[in-house]
Amino acid sequence: MTNPLDRAMHHARAWLDGLDTAPVGGRATADALRDALGGPLPETGADAGEIIDALAAGAGPGLHANAGGRFFAWVMAGSLPSAVAADWLVSAWDQNSGMFTVAPSTTIIEEITGGWLKDLFGLPPECSFAFTTGCQLAHVTALAVARHAVLEQAGWDVGRDGLYGAPPIRILTSANRHNTLDAAVRYLGMGEAHMESVATGEFGNMLAEDLAKKLSGPTRPTILCLNAADLNVGTFDDFATLIPIAKAAGAWVHVDGAFGLFARTSPAYRALTEGIDLADSWATDGHKWLNVPYDCGMAFVRDAAAHRAAIAKGAAYLSPSPDVRDPSDWNFELSRRARAVPVYAALRELGRAGVADLVERCCRHCEQLVSGLGALPGARALNVPVLNQGLVRFERAGATDAENDAFTDEVIRRTNATGEAFFSGTTWNGVRAMRVSVVSWRTNEHDVSRSIATVARVLSEAVAAA
Ligand SMILES: *Cc1c(COP(=O)(O)O)cnc(C)c1O
């Protein structure tokens, strides 16, 4: 008998210690993983420690090293040491963190952590909050409250009467939105057909004139969704201009700040978020820029009473505690993981200054990558990063746009195949580009120069092969 916790510790340390030398992208095919991990449902049990050994061996080849310093795809980071360790404790403690009655410590940790986050992000102190599974569910939570509130304003009780016969809710967004907003609108029964795009400028920023025009008719239930950093170039909407226009028309304003809300934590980048505190709700992620393990998003709502009215369950058998914040009053889940605990640890590990430093380092490394890659022969930076997101396109002289789209994808594919660095692609303003996204505490100057050198080598090989 081997102790499974000791084995898990061993494999976890081996994985984390190997991040600098292991291939950055997972290598195994789906079939190889099915072979290594699959087979029929076991008829009988096995030794717990051996299961952990087999699990680590089978999964290893298909693991992406996004916890390392040279993973720049999507907006995926690693986790801070204290956050990983705290996450282990969450599993070992196994507290059902829906209510204080059954999980006193983790409920109070959540209460403390929510307060710290409001302070960190400079959000109104009266805000309520929810720790969700990610930004997707933070959108669903915040927009469920928005739906409740804008319909109440129109004299409709959505909790009692549902959406049957309710006045339609118009959702104003821009073409530059994240698709999790569309999903949230769908999940909440508001209907994608009721989403309207406001015109945007060159970098996907919402235009005030068009917003004012769209809001100029008779008042009707409206939710406006704005960006605190879009995922291609990190564009922030002009909150200080747009939010007052929307509020004057009685709209609810929701902000997608999945990673961009963190700009607010740094004196160097805070100006990008000016006026963001005028909104009604905000969604962000812990598992992106705060570098805590997955299963961590956060929603904040200015009108705490509306939040509670829309979400709380209130069953008598649950013995609610009158003077304590029960997480189940603010979250969709009843039984739930204590997902604030790793956030608590991360905030203690970094402090306010450490969060700002993490944000600023990632932005600096993004700028270095984009300018370094953009200076390679045949490469072109499509933006000067305003935050931690950038785009680079690869082109050959005399080639068509479509050929250069394919060439850009080929450079990304070849780069990822080296195992030295990992990037994803995107289509932006009609052309393919390599995305450069930096969100990990581990990324350092050496990772930056090593990654640029890799792309330089791959690029000349791709040119020779073309
Ligand atoms: C990642 C992201 C989301 C979705 O967040 P999840 O945590 O993956 O649910 C939403 N909006 C933006 C801008 C994002 O970058």
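Use the structure listed above.
Model, not experiment: these values are computed from the prediction. (Residues numbered from 1 in each chain as written. Predicted model: local features only at pLDDT ≥ 70, side-chain atom pairs only at ≥ 80, totals over all residues. Heavy atoms only, no water.)

A. Main features of the site of the ligand. Around the ligand, the structure places Gly134, Cys135, Gln136, His178, Thr180, Asp256, Ala258, Phe259, Asp285, His287 and Lys288. At 2.8 Å from a nitrogen atom of the ligand is found a side-chain nitrogen or oxygen belonging to Asp256. At 2.7 Å from an oxygen atom of the ligand is found a side-chain nitrogen or oxygen belonging to Asp285. Expressed as a share of its isolated accessible area of 380 Å², the protein-covered part of the ligand is 83%. Considering only residue class, the shell around the ligand consists of 3 nonpolar, 5 polar and 3 charged. (Near = heavy atom within 4 Å. Polar contact = N/O pair within 3.5 Å; in protein donor to acceptor, adjacent residues only side chain to side chain. Areas by Shrake-Rupley, 256 points an atom, 1.4 Å probe, with all protein chains shown as cover. Nonpolar A, V, L, I, M, F, W, Y, C, P; charged D, E, K, R; others polar.)

B. Up close: the side chain of Thr426. Its location among the elements puts Thr426 in strand E10 (residues 424-428). Classification of Thr426 as buried rests on a relative accessible area of 13%. (Helix = DSSP H or I, 4+ residues; strand = E, 2+ residues; numbered from the N terminus. Buried < 20%, exposed > 50% of the residue type's maximum accessible area, 1.4 Å probe, protein only.)

C. Broad picture of the environment of Ala251. With respect to the secondary-structure elements, Ala251 resides in the loop between helix H10 (239-248) and strand E5 (252-256). Judged by relative accessible area, which is 5%, Ala251 ranks as buried. Each C-alpha atom, one on Ala251 and one on Ile171, is 9.5 Å from the other, the two residues being 80 residues apart in sequence. Sequence-distant contacts of Ala251, defined by excluding residues within four places in its chain, comprise Thr222, Ala246 and Asp280. (Contact = heavy atoms within 4.5 Å.)

D. Here's a closer look at helix H6 (residues 135-153). An ideal rise of 1.5 Å per residue puts 27 Å on 19 residues; H6 measures up with 26 Å between its terminal C-alpha atoms. By the criterion of burial, H6 is predominantly enclosed, with 16 of the 19 residues buried. Just past H6, the residue Gly155 takes up positive phi, approximately 80°. (Expected span 1.5 Å × (residues − 1).)

E. Expanded view of the pairing of strand E2 (residues 170-174). Among the 5 residues in E2, 5 count as buried, and that is most of the element. Alignment of E2 against strand E4 (residues 222-227), held across 3 bridges, turns out to be parallel. Among the inter-strand pairings, Arg170 is bridged to a residue of E4, identified as Thr222. Across 4 bridges, E2 lies against strand E3 (residues 195-198) in parallel orientation. Residue pairing for E3: Thr173 is matched across the bridge by Ser197. Where the polypeptide runs from E2 across helix H8 (residues 179-187) and back to E3, its parallel neighbour, the crossover connection is right-handed. (Pairing = 2+ DSSP bridges. Right-handed = clockwise from strand over helix to strand, strands pointing away.)

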